[in-house]
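Observations on the model geometry
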Amino acid sequence: GNVPFTVVTGAATSADPNYDTLNASNVGVTCVDDETVGVTVTVTANPLITSETGTTAAFSIQLNSKPFGTVTIDLTSSDTTEGTVSPSSLTFTGSDYNAPHVVTVTGVDDFLADGDQNYAVYSVASATDSRDSGYNGITVADVNMRNRDNETPGIEVLTAGTSGLITNESGSLVDTFRVRMLSQ
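Every value quoted in this text rests on a predicted model; they were computed, and no experiment measured them.

**What about the overall build of the protein?**
A count of helical and extended segments in the protein gives zero helices and 13 strands. Of the regular secondary structure in the protein, the N- to C-terminal order runs β-β-β-β-β-β-β-β-β-β-β-β-β. Taking 2.2 N^0.38 as the reference for a compact globule, 184 residues should give roughly 16 Å; the C-alpha atoms of the protein span a radius of gyration of 33 Å, well beyond that estimate. When its C-alpha atoms are laid out on the principal axes, the protein stretches across 135 × 25 × 20 Å. Evaluated residue by residue, the protein yields a buried proportion of 26% over its 184 residues. Long-range pairs, those at least 24 residues apart, make up 65% of the contacts in the protein between residues at least 6 apart in sequence. Approximately 11400 Å² of the protein is accessible, and the part contributed by carbon and sulfur atoms is 52%. On the protein, the mean spot of the 6 positive side-chain charges and the mean spot of the 22 negative ones are 7 Å from each other.

**A look at unusual backbone geometry**
A cis geometry characterises the amide bond from N46 onward to P47, with omega recorded as 5°. As for its placement among the helices and strands, P47 is situated in the loop between β3 (39-42) and β4 (48-51). A positive phi angle, close to 60°, is found at F111, a residue other than glycine. Mapped onto the secondary structure, F111 falls in the loop between β9 (101-107) and β10 (117-127).

**Observations concerning the sheet that holds strand β5 (residues 56-63)**
Pairing within the open sheet is antiparallel, and its four strands lie in the order β3-β5-β9-β7. Edge positions in the open sheet fall to β3 and β7 (83-86), since each of these has one partner strand only. Strand-to-strand twist of the sheet, defined as the mean angle between neighbouring strand axes without regard to direction, takes the value 25°. For β7 and β9, the ladder comprises four bridges, and the chain directions are antiparallel. Across the sheet, residue G83 finds its bridge partner in β9, namely G107.

**Here we look at the sheet that holds β4**
Note on sheets: strands pair through backbone hydrogen bonds, and any given pair is parallel or antiparallel. An order of β4-β11-β10-β6-β8 is seen for the five strands of this open sheet, with the pairing classed as mixed. The strands lining the two open edges of the sheet, one partner per strand, are β4 and β8 (89-92). Strand-to-strand twist across the sheet, computed as the mean angle between neighbouring axes with direction ignored, equals 25°.

**Brief notes about the pattern of salt bridges**
For the coordinates displayed, the defined rule picks out three salt bridges. The shortest N-O distance in the salt bridge between R148 and D116 comes to 2.7 Å. Taken together, the residues R148 in strand β11 (residues 143-148) and D116 in the loop between β9 and β10 connect sequence positions 32 residues apart. Overall, the relative accessible area of 34% leaves R148 in the partly exposed class. The shortest N-O distance in the salt bridge between R180 and E156 comes to 2.3 Å. A residue pair is termed long-range when its members are at least 10 positions apart, and R180 in strand β13 (residues 177-181) and E156 in strand β12 (residues 155-159) qualify at 24 residues. Look at E156 and you get partly exposed, because its relative accessible area is 27%.

Criteria and thresholds
- Residues numbered from 1 in each chain as written.
- Predicted model: local features only at pLDDT ≥ 70, side-chain atom pairs only at ≥ 80, totals over all residues.
- Heavy atoms only, no water.
- Helix = DSSP H or I, 4+ residues; strand = E, 2+ residues; numbered from the N terminus.
- Rg over C-alpha atoms; globule rule 2.2 N^0.38 Å.
- Buried < 20%, exposed > 50% of the residue type's maximum accessible area, 1.4 Å probe, protein only.
- Contact = heavy atoms within 4.5 Å.
- Areas by Shrake-Rupley, 256 points an atom, 1.4 Å probe, with all protein chains shown as cover.
- Lys, Arg positive; Asp, Glu negative; His and termini not counted.
- Charge placed at Lys NZ, Arg CZ, Asp CG, Glu CD.
- Pairing = 2+ DSSP bridges.
- Axes fitted to C-alpha atoms, helices over the stretch in contact; angles between N-to-C directions.
- Salt bridge = Lys/Arg side-chain N within 4 Å of Asp/Glu carboxyl O.

So, in structure tokens, the structure goes:
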């Protein structure tokens, strides 16, 4: 925050007797803090894309001002059946607050033919030093994600032989087949 202080003046020393030993008034000064508490989230696309084949997408987070203590940002996926977040939290200190911390999101295969699914990464910040109260619960931008589906809806018929099913009219010759769904 802003810091008030006083410039203390002393008695002047001068060859001119009109100024020698005159003491000017002390001066009150306020140093205005121009750093703003905040969090910057940097993404390369909106939404970032993952896929059910396990491909990943990454983004970075950094603080806008130097904290007095440690600031932690917890990260969670809105839908862990579509994407997981690593690491699950980021820690910032006074020495690395302005360095981008990378977060990796990995697509998850849900075995459903459900089409591409949207989800998000949510973040919550907390500070360990009371002087960093501006970072406690500060709003951190959500990161929009989309997980590309890899299942195809369909049914597959499986037979034991290569010549197809064989049966007869009397029912004494029975053959079997199986039906399998290609996805849930």
